[in-house]
Amino acid sequence: PLHIAVAQGALGLVRRLVALFLWGGRDLDVQNRLRQTPLHVAILASQPALVRLLVAHGACAMARDRRGRTGAHLACAGAGAGVLRELLRGGPDLHVTDYEGLTPLHLAVHSGCRESVELLLEHGADVDAVDIKSGRSPLQHAVESNSLEMVELLIR
């Protein structure tokens, strides 16, 4: 039910369900068949208010889905900077790689979201991190994608 309420953006219902989960001593990081937690669903649905609520009540920003992606990975892959900003309140490890060896910064560069890249760099993301498949840094990925804006940003 929590996953469904989050997917529908039902903030009031999510608040009530979170309260019930906490009252009953239940973990907010319950996973669906894709190994997504309610926090993952809130990120994928681009719901910053729900991300804030779940993080504030102890949802784990470091839980991994079936592809090894954490909340930061999902936020950087296209959820937008507002969602990422809320997620960063939970203090996620920005150096962790998914199962393909990509960091959140790699994914933010691929998505082309300048604000997300700036947020990650401000919060200590490693601009020189290399992926495990090709050994390329976010800068090298930006060059290969012909993204002059990302190249300039990463060099600065």
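Located above this text is the structure these notes cover.
No experiment lies behind these values; they were computed from the predicted model shown.

Enquirer: Mind laying out the packing of helix H8 (residues 114-122) against helix H10 (residues 148-155), listing which residues take part and the relevant values?
Expert: In contact at an axis separation of 11 Å, H8 and H10 are set at 15 degrees when each is read in the N-to-C sense. Here H8 lies roughly parallel to H10, going by the angle between them. Crossing geometry of H8 relative to H10 is assigned as right-handed. Residues Arg114, Val117, Glu118 and Leu121 of H8 lie in contact with H10, whose contacting residues are Glu149, Met150, Leu153 and Leu154. Here the residues of the contact of H8 with H10 sort into five nonpolar, no polar and three charged.

Enquirer: Can you tell me about helix H4 (residues 48-56), naming the residues and giving the values?
Expert: Turning to H4, its buried residues number three or more, namely Leu50, Val51, Leu53, Leu54 and Val55. Taken together, the buried residues of H4 touch helix H1 (2-7), helix H2 (11-23), helix H3 (38-44) and helix H6 (81-87). Phi turns positive one or two residues past the end of H4, at Gly58, with a value near 100 degrees.

Enquirer: Give me the lowdown on the side chain of Ser116, citing residues and values where you can.
Expert: Position of Ser116 among the secondary structure elements: in helix H8. Residue Ser116 is classed as buried on the basis of its relative accessible area of 1%.

Criteria and thresholds
- Residues numbered from 1 in each chain as written.
- Predicted model: local features only at pLDDT ≥ 70, side-chain atom pairs only at ≥ 80, totals over all residues.
- Heavy atoms only, no water.
- Axes fitted to C-alpha atoms, helices over the stretch in contact; angles between N-to-C directions.
- Helix = DSSP H or I, 4+ residues; strand = E, 2+ residues; numbered from the N terminus.
- Parallel < 35°, antiparallel > 145°, perpendicular 65-115°, else oblique.
- Left-handed = near helix turned anticlockwise from the far one by under 90°.
- Contact = heavy atoms within 4.5 Å.
- Nonpolar A, V, L, I, M, F, W, Y, C, P; charged D, E, K, R; others polar.
- Buried < 20%, exposed > 50% of the residue type's maximum accessible area, 1.4 Å probe, protein only.

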